[in-house]
Amino acid sequence: NKLKEEFINSNNDEELVVTSSVHRYDSLFHKKGEFSLVLDTLIFSAPIGEVFGPYNDNGVYKIFKVKERELRPDSLKARHILIAYKGAYGADPKVITRDTIDAKRIADSLRIVLTRDSSQFSNIAQTISNDPSAKENIGNLGWFEDQRMIKNFNDACVKSKVGDIVVVETIFGFHVIQLLDKSAPVEKAKVAIIAKIL
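What counts and how
Residues numbered from 1 in each chain as written. Predicted model: local features only at pLDDT ≥ 70, side-chain atom pairs only at ≥ 80, totals over all residues. Heavy atoms only, no water. Pairing = 2+ DSSP bridges. Helix = DSSP H or I, 4+ residues; strand = E, 2+ residues; numbered from the N terminus. Axes fitted to C-alpha atoms, helices over the stretch in contact; angles between N-to-C directions. Contact = heavy atoms within 4.5 Å. 1 Å grid on protein atoms, 1.4 Å probe; cavity = no way out; pocket = protein on both sides within 12 Å on 5 of 7 lines; lining within 4 Å. Points joined across faces, edges and corners; volume = space filled by probe spheres on them. Nonpolar A, V, L, I, M, F, W, Y, C, P; charged D, E, K, R; others polar. Expected span 1.5 Å × (residues − 1). Polar contact = N/O pair within 3.5 Å; in protein donor to acceptor, adjacent residues only side chain to side chain.

Caption draft 1: The arrangement of the sheet that holds strand E7 (residues 173-182) in detail. Read across the sheet, four strands follow the order E5-E4-E7-E6 without closing on themselves; strand pairing throughout is antiparallel. Pairing within the sheet leaves two strands with one partner each, and these edge strands are strand E5 (140-145) and strand E6 (165-170). With direction set aside, neighbouring strand axes in the sheet form an average angle of 40°. Inspection of the sheet shows E6 paired to E7 by six bridges, in the antiparallel sense. Paired with Val 166 across the two strands is Ile 177, which belongs to E7. Across the face of the sheet, helix H5 (residues 121-128) comes into contact with strand E4 (75-83) and E7 while running at roughly 50° to E4.

Pasting the structure below:
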């Protein structure tokens, strides 16, 4: 109960979870059905910031805080061209010598070209993308679950409309992304949970 008071007044929920919980901080959004029926009802009806618990869940005491709720698709379909730069994760320094400024300039130029004529996307991906898989998949990632890709990439896909071409940076470099399709959005919630074994 003392920890619940701290949770209610916390300005840094992630730090409190990391220092107080037996489980790691969960930054993902979850849809109805991923919690128990009682928790589903509370999580999807409580005001944002509401804290409830502690509850005994098979010997583990848990306190929940509703962080956010959003309408998000379950699945997304996209293709991309990766423009890596020196120092980016996975970039071979012998091959990739461009700096971030040049990489961004190339990615922005490609976005302009492809916005005018997206029929060139596959050919450009296969020719110049620094994603090794582009040689086989011509940049097409197919369908993937929401939150399966690295955060910035995933968020760009969620926020885009079908057909949009956007540029986003991740640890791998700059991605020129075209969203090809997405499933109908469903309500999902992000919940901070403190779990204690007493």
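Caption draft 2: Fine view of the layout of surface pockets. Volume-wise, the largest pocket comes out at about 300 Å³. Lining the largest pocket we find 16 residues, and of these His 80, Leu 82, Asp 131, Phe 172 and His 175 sit closest to its centre. Across the lining of the largest pocket, the residue classes break down as eleven nonpolar, four polar and one charged. The calculated volume of the second largest pocket comes to roughly 250 Å³. Residue lining of the second largest pocket: 15 residues in total, with Phe 29, Arg 72, Gln 147, Lys 151 and Asp 155 positioned closest to the centre. The set of elements that each furnish at least two residues to the lining of the second largest pocket consists of strand E3 (60-73) and helix H7 (151-159). Residues of the lining of the second largest pocket, tallied by class, amount to five nonpolar, three polar and seven charged.

Caption draft 3: Structural view of helix H4 (residues 100-116). Here H4 spans 25 Å end to end across 17 residues, near enough to the 24 Å set by a 1.5 Å rise per residue. Here H4 starts with a cap whose side-chain oxygen sits 3.2 Å from the backbone nitrogen of Ile 101, and that cap is Asp 99.

Caption draft 4: Geometry of the sheet that holds E3. Ordered by their spatial adjacency, four strands build an open sheet running E1-E8-E3-E2, and the pairing between neighbours is antiparallel. Edge strands, defined here as strands with exactly one partner in the open sheet, are strand E1 (30-31) and strand E2 (51-57). With 13 bridges joining them, E3 and strand E8 (residues 185-197) adopt antiparallel strand pairing. Across the sheet, residue Val 66 finds its bridge partner in E8, namely Val 191.

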